[in-house]
Amino acid sequence: MSVPTTLLPCGAAVPVLGQGTWYMGEDRRRRAAEVAALRLGLDLGLTLIDTAEMYADGGAEEVVGEAIAGRRDGVFLVSKVLPHNASRRGTVAACERSLRRLGTDRIDLYLLHWRGGTPFAETVEAFEALMRDGKIGSWGVSNLDPADMEELADTPGGDGVQTNQVLYNLTRRGIEYDLLPLCRQRGVPVMAYSPVEQGRLLHHPALRRVADRLGATPARVALAWVLRGGVIAIPKASAPEHVRDNRAALDVRLDDAALAELDRAFPPPTRPRPLEML
Ligand SMILES: NC(=O)c1ccc[n+]([C@@H]2O[C@H](COP(=O)([O-])OP(=O)(O)OC[C@H]3O[C@@H](n4cnc5c(N)ncnc54)[C@H](OP(=O)(O)O)[C@@H]3O)[C@@H](O)[C@H]2O)c1
């Protein structure tokens, strides 16, 4: 089965399951394995790669650069600018540094990593200039709560936002109350980071029970659950068996009994909660 895609507002079709890179590029001894894991993921159709200038101080972007060398056109590349670089000039300079590390002339989707002190209008202006210059294909945001999203919508050019990348998994369901419905209503796809809670979720007894009954693994079930409502998931895996396991999440069908058991173990929110971040 090919990996299903979802359409961003700009019309780009992106795979619903991608690959994260946080903590890659921190140790040279692991570099070859990390590059190999990303390439395996690309071979399996996980062609959206998420990285950031923050990760390993640019080291993760260098790992990605090596992984996509010679196959750039088959990749949808996402990177992020740090809030303290997100001024009109700082954003452009940060993007150019990222492009050098990534060994490419274009980032497909460039995100504001989280909200800092720079007004949205300034960062959006920089994103638009980068688009005009062909250095980025589109832009988006990360870690914005509903009030931030409303403010962005009222910012000139703010309707160009392509995604809000936020923390979402079975143990972090707060966005279901307000942010997820708001983004759906506005047509802004949500991208879930830390979809297996950095591995901590995978030992939960209820998740294991559901996985056993479905003949799947806890990670497959956790990812299938994130994907169930049209959310994009970007698990990070540097072990090849994890990459294959994550790809297999696309074959899992969660039945009503599984969803009900997961709801009992990980209850949905009943009131607004502050947006959580990692
Ligand atoms: N925008 C933001 O503020 C933000 C914040 C956090 C993360 N992110 C992005 O989202 C990506 C994913 O989040 P994350 O890295 O924090 O956490 P994650 O994807 O939930 O978990 C990654 C951890 O889970 C392990 N793992 C992955 N697949 C597994 C499987 N099938 N079975 C068992 N263990 C498995 C990985 O091990 P191995 O590596 O050993 O395979 C790694 O230790 C990041 O890498 C980053 O690109 C963005």
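Residues numbered from 1 in each chain as written. Predicted model: local features only at pLDDT ≥ 70, side-chain atom pairs only at ≥ 80, totals over all residues. Heavy atoms only, no water.

This part is about the site of the ligand. Contacts to the ligand come from 28 residues, most closely from Trp22, Asp50, Lys236, Ser238 and His242. The separation between an oxygen atom of the ligand and a polar side-chain atom of Lys236 is 2.8 Å. A distance of 2.6 Å is found between an oxygen atom of the ligand and a side-chain nitrogen or oxygen belonging to His242. Of all the elements, helix H9 (residues 240-248) adds the most residues to the shell around the ligand, at 3 residues. A per-class count over the shell around the ligand returns 11 nonpolar, 12 polar and 5 charged. (Near = heavy atom within 4 Å. Polar contact = N/O pair within 3.5 Å; in protein donor to acceptor, adjacent residues only side chain to side chain. Helix = DSSP H or I, 4+ residues; strand = E, 2+ residues; numbered from the N terminus. Nonpolar A, V, L, I, M, F, W, Y, C, P; charged D, E, K, R; others polar.)

A few words on the pattern of salt bridges. Within the structure shown, the criterion is met by 24 salt bridges. Residue Arg31 pairs with Glu66 through a salt bridge whose shortest N-O separation is 2.7 Å. With Arg31 in helix H1 (residues 31-43) and Glu66 in helix H2 (residues 59-68), this residue pair connects regions lying 35 residues apart in the sequence. With relative accessibility at 35%, the residue Glu66 sits in the partly exposed group. What emerges from the salt-bridge pattern is a single network uniting Asp27, Arg29, Arg30 and Glu34. (Salt bridge = Lys/Arg side-chain N within 4 Å of Asp/Glu carboxyl O. Buried < 20%, exposed > 50% of the residue type's maximum accessible area, 1.4 Å probe, protein only.)

Here we come to the sheet that holds strand E3 (residues 48-50). Read across the open sheet, the 7 strands follow the order E3-E4-E5-E6-E7-E8-E9; overall the sheet is parallel. Strands at the two margins of the open sheet, each flanked by one partner only, are E3 and strand E9 (232-233). Two strands pair when backbone bridges link them, and strand E5 (residues 107-112) and strand E6 (residues 136-142) are joined in this way by 5 bridges, in the parallel orientation. Bridge pairing in E6 places Leu109 opposite Ser138. (Pairing = 2+ DSSP bridges.)

Time to look at the environment of Asp57. When you line up the elements, Asp57 lands in the loop between E3 and H2. By relative accessible area, Asp57 is classed as exposed at 74%. Sequence separation of Asp57 and Gly70 is 13 residues, and the distance between their C-alpha atoms is 24 Å.

Moving on to the pairing of E5. The buried fraction of E5 amounts to 6 of the 6 residues, a majority that puts the element mostly inside the structure. For the crossover that starts at E5, traverses helix H4 (residues 120-132) and ends in the parallel E6, the hand is right-handed. (Right-handed = clockwise from strand over helix to strand, strands pointing away.)

Take the packing of helix H3 (residues 88-102) against H4 next. Between two packed helices, both the angle of their axes relative to each other and the distance between the axes serve to describe the pair. Following both chains from N to C, one finds H3 and H4 inclined at 45 degrees, their axes separated by 8 Å at the closest point. Judged by the angle between their axes, H3 and H4 are oblique. Classified by chirality, the crossing of H4 by H3 is right-handed. Each of Arg88, Thr91, Val92 and Cys95 in H3 lies in contact with H4, whose residues at this interface are Glu122, Thr123, Glu125, Ala126, Phe127, Ala129 and Leu130. By residue class, the composition of the contact of H3 with H4 is 6 nonpolar, 2 polar and 3 charged. (Axes fitted to C-alpha atoms, helices over the stretch in contact; angles between N-to-C directions. Parallel < 35°, antiparallel > 145°, perpendicular 65-115°, else oblique. Left-handed = near helix turned anticlockwise from the far one by under 90°. Contact = heavy atoms within 4.5 Å.)

Moving on to the packing of aromatic side chains. Under the counting rule described, the total for this entry stands at 5 aromatic pairs. With a centroid separation of 5.4 Å and 20 degrees between ring planes, the pair formed by Phe127 and Trp139 is classed as stacked. You can see Phe127 sitting in helix H4 and its partner Trp139 sitting in strand E6, a full 12 residues away along the chain. Judged by its relative accessible area of 2%, Trp139 falls in the buried class. Counting every residue linked through ring pairs, the aromatic cluster contains Trp22, Tyr23 and Tyr55. Seen from the ring of Phe120, Arg115 lies directly overhead, with NZ or CZ sitting 4.2 Å from the centre. Against the face of Trp225 rests Arg228, its NZ or CZ located 3.8 Å from the ring centre. (Phe/Tyr/Trp six-rings, centres within 6.5 Å; stacked < 30°, edge-to-face > 60°. Lys NZ or Arg CZ within 6 Å of the ring centre and 35° of its normal.)

The values are spatial; any link to function lies outside them.
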